[in-house]
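Fold and geometry: a report
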Amino acid sequence: MFALRSSSTTSVSSANKIIPALAALARFKSTTSSATSLKKRVQELIPEKNAEVKEVKQKYGDRVLGETTVNMAYGGMRGIKGMIWDTSLLDANEGIRFRGMSIPEVQQNLPKPKGASETTPEALLWLLLTGEVPTEAQARSVTDELNSRAALPSFVEDLIDRCPSTLHPMSQFSLAVNAMQHDSRFAKAYNEGINRKDYWDPVFEDSLDLLAKLPLVAARIYRNVFKDGKLGSIDNSVDYSQNFANLLGYGENREFADLMRLYLVIHSDHEGGNVSAHTTHLVGSALSDPYLSFAAGLNGLAGPLHGLANQEVLRWIINMQEEIGTDTPTEEQIRDYCWKTLNSGRVVPGYGHAVLRKTDPRYMAQREFAQKHLPEDNLFKTVSTLYKVVPGVLTEQGKTKNPWPNVDAHSGVLLRHYGLVEQDFYTVMFGVSRAFGVLSQLIWDRALGFSIERPKSLTTESIRQMFENK
């Protein structure tokens, strides 16, 4: 198989879960020595993956994936099985798996830069695109490739610099990504009549160009809006996350650079149904190039029900501390404030998830980072107390299927600890991370010749007639 599959979580022993994962990991490692270039390795895998897709369609093309209900249609297509997203799979109990690997497995098995305690998004990119764990040399080759492509066109720099500081950082981010479409290799190749079987090649090139430039775009926005407008340059000797930390102005703190590695990895992909991933896929299915597709995904990520959630969490916690009058509220004070929030018709931000039914492993990865590096931080202590209190409150309320924290419940606290307190910028950082997942899948969408997305819609009256006529 091309990718590890998530193990069943019911009626299966722990050993039966672990053994296939270890076998697949060994297979990953045994296949990674044959290619040093990421693009070359993807090119080698395309025929194999095309054959797998063809086989699955021939064997199971007429099988039913699941039942669609009227409530699903009215509920935003919630839970409808209707798209392919090979780079990651979200299990209600196990959480996200990147090419079959859990977050702890990714943290343990993917290579790390010298002196770092976290793996890199470059290593994850190799995993997402190939299904294989990269060697240190392969991960470093991706770093070198991205560093070599990082320069921004001068007109994009001018465009960002001309934006008023009052324009939301996410609007500036989307604007800059759209502007970089000027240099799209796919758009040029399509206009010149490229064969559709070769679409993936310029999409790959565009995607790596875009990934390489995102730290410079994001940091330029940050420095313009919140700091002195001065921006450093890419250091070819260091990895992507260290460069991002340097550009933001926090690179001297090695812990912050490790936080960036962790942050960019765990926020990168979350299967295809979330708004930013689905939007990128949808727009890309019309053969829009990676710049236009990802810019559309960013506009979805900017919504308060998606990427803005992390800053909503932090604001809620800070408001709670201010209203109670202490930065170390007790369990009882937090419980009362949660009920006050719920009784006012609002939600407790950072808790609950559309798919997950247990604590988000991404939350746990951040919690472990905090326990290691900032155990005495008062804001982290409050987040820990929330973890004790909120699930019980939400369970008592009885209106949520998942009372446990998600990734957004923790990320803002870590950023704030290291001095990055500008909450309006948090979603931009999320966007830099999410690019690794959605662009990896977009490359495979074109390599596999996926069709334009066009689901069937119904009217309320047609639904009524459908059942009343029976």
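Residues numbered from 1 in each chain as written. Predicted model: local features only at pLDDT ≥ 70, side-chain atom pairs only at ≥ 80, totals over all residues. Heavy atoms only, no water.

As recorded in an unreviewed UniProt entry, the protein goes by Citrate synthase and comes from Coemansia spiralis.

1. What about the UniProt feature "active site" (unreviewed entry) in the protein?
In the numbering used here, UniProt assigns the "active site" (unreviewed entry) feature to H306, H353 and D408. With the annotated positions falling across 103 residues, the maximum pairwise C-alpha distance of 10.8 Å places them together in a single cluster. Given a relative accessible area of 14%, H306 falls into the buried group. At 2.9 Å, the side chain of H306 and the side chain of S276 are in polar contact. Topologically, H353 is positioned in the loop between helix 16 (331–343) and helix 17 (361–373). (UniProt positions renumbered as here; feature names shortened; annotations may be inferred. Buried < 20%, exposed > 50% of the residue type's maximum accessible area, 1.4 Å probe, protein only. Polar contact = N/O pair within 3.5 Å; in protein donor to acceptor, adjacent residues only side chain to side chain. Helix = DSSP H or I, 4+ residues; strand = E, 2+ residues; numbered from the N terminus.)

2. Examining the nonpolar core
Grouped together as the largest cluster of nonpolar side chains are 120 residues, with contacts concentrated most on F173, L248, F256 and L420. Looking at this core element by element, the count peaks at 14 residues for helix 10 (residues 200–226). The residues contacting L420, other than those within four sequence positions of it, are Y222, L248, Y250, F256, L415, F425, Y426 and M429. (Core = buried A, V, L, I, M, F, W, Y, C linked by side-chain atoms within 4.5 Å. Contact = heavy atoms within 4.5 Å.)

3. Concerning the packing of helix 13 (residues 275–285) against helix 14 (residues 290–301)
For the pair helix 13 and helix 14, interaxial distance at closest approach is 7 Å and the crossing angle is 150°. Classified by the angle between their axes, helix 13 and helix 14 sit roughly antiparallel to one another. Crossing handedness for the pair helix 13 and helix 14: right-handed. Mapping the contact onto sequence places V275, S276, T279, T280, V283 and G284 in helix 13 and L292, S293, F294, A296, G297, G300 and L301 in helix 14. When grouped by side-chain class, the residues that make up the contact of helix 13 with helix 14 number six nonpolar, seven polar and no charged. (Axes fitted to C-alpha atoms, helices over the stretch in contact; angles between N-to-C directions. Parallel < 35°, antiparallel > 145°, perpendicular 65-115°, else oblique. Left-handed = near helix turned anticlockwise from the far one by under 90°. Nonpolar A, V, L, I, M, F, W, Y, C, P; charged D, E, K, R; others polar.)

4. Looking at the pairing of strand 2 (residues 95–98)
Bridge count for strand 1 (residues 88–91) against strand 2 is four bridges, and the pairing is antiparallel. By the bridge assignment for strand 2, L89 is matched with R97. Linking strand 1 back to strand 2 in an antiparallel pair, the connection comprises three residues. Sheet topology places strand 2 next to strand 3 (residues 101–102); two bridges connect them, and they run antiparallel. Note on strand 3: the bridge partner recorded for R97 is S102. (Pairing = 2+ DSSP bridges.)

5. Section: a nonpolar patch on the surface
A cluster of nonpolar residues, V70, Y74, L458, M466 and F467, forms a patch on the protein surface that exposes about 480 Å² of accessible area. Mapped onto the secondary structure, M466 falls in helix 21 (residues 460–468). (Patch = residues over 30% accessible without salt bridge, like charges linked within 9 Å, V, L, I, M, F, W, Y side chains within 5 Å. Areas by Shrake-Rupley, 256 points an atom, 1.4 Å probe, with all protein chains shown as cover. Salt bridge = Lys/Arg side-chain N within 4 Å of Asp/Glu carboxyl O.)

6. Focus on helix 12 (residues 254–266)
Between its first and last C-alpha, helix 12 extends 19 Å over 13 residues, near the 18 Å set by a 1.5 Å rise per residue. Taking burial as the measure, the 13 residues of helix 12 include eleven buried ones, the bulk of the element. Among the residues of helix 12, F256, A257, D258, L259, M260, R261, L262, Y263, L264, V265 and I266 are the ones counted as buried. Sitting at the head of helix 12, N253 places a side-chain oxygen 2.9 Å from the backbone nitrogen of E255. (Expected span 1.5 Å × (residues − 1).)

7. With respect to helix 19 (residues 408–417)
Every α-helix winds through 3.6 residues per turn, so residues three or four apart in the chain are directed the same way. Burial of helix 19 is extensive: eight of the ten residues sit out of reach of the surface. Of the positions making up helix 19, those classed as buried are D408, A409, H410, S411, G412, V413, L414 and L415. As for helix 19, its buried residues are in contact with helix 12, helix 15 (309–324), helix 17, helix 18 (378–397) and helix 20 (426–447). One or two steps after helix 19, the chain reaches G419, where phi turns positive at roughly 100°.

8. Topic: the pattern of salt bridges
Counted by the stated rule, this structure contains 28 salt bridges. Of the charged contacts, one joins R315 and D424 as a salt bridge, the two residues approaching to 2.8 Å between their closest N and O atoms. In this pair, R315 sits in helix 15 while D424 sits in the loop between helix 19 and helix 20, placing the two residues 109 residues apart along the sequence. Judged by relative accessible area, D424 falls into the partly exposed class, the value being 27%. Note that E376 is salt-bridged to K381, the shortest N-O span being 3.1 Å. Note on K381: relative accessible area 36%, which makes it partly exposed. Salt bridges sharing common partners tie together K39, E145, R149, R185, D201, E205 and D209.

9. Points about the packing of aromatic side chains
If you walk through the whole model with that rule in mind, you get twelve aromatic pairs. Seen from their ring centres, Y222 and Y250 are 6.3 Å apart, and the 50° between their planes marks the pair as tilted. Taken together, the positions of Y222 in helix 10 and Y250 in the loop between helix 11 (240–248) and helix 12 put the pair 28 residues apart, joining distant regions of the chain. Per residue, the accessibility class of Y222 equals that of Y250, and both read buried. Geometrically, the ring pair formed by Y240 and F436 is edge-to-face, given 5.2 Å between the ring centres and 85° between the ring planes. Of the two residues, Y240 sits in helix 11 while F436 sits in helix 20, which places them 196 residues apart along the sequence. When its relative accessible area of 4% is taken as the criterion, Y240 is described as buried. For F436, a relative accessible area of 0% translates into the label buried. (Phe/Tyr/Trp six-rings, centres within 6.5 Å; stacked < 30°, edge-to-face > 60°.)

10. Brief notes about the sheet that holds strand 3
Taken together, three strands build an open sheet; the order of strands is 1-2-3 and the sheet is antiparallel. In this open sheet, the two strands that pair with only one neighbour each are strand 1 and strand 3.

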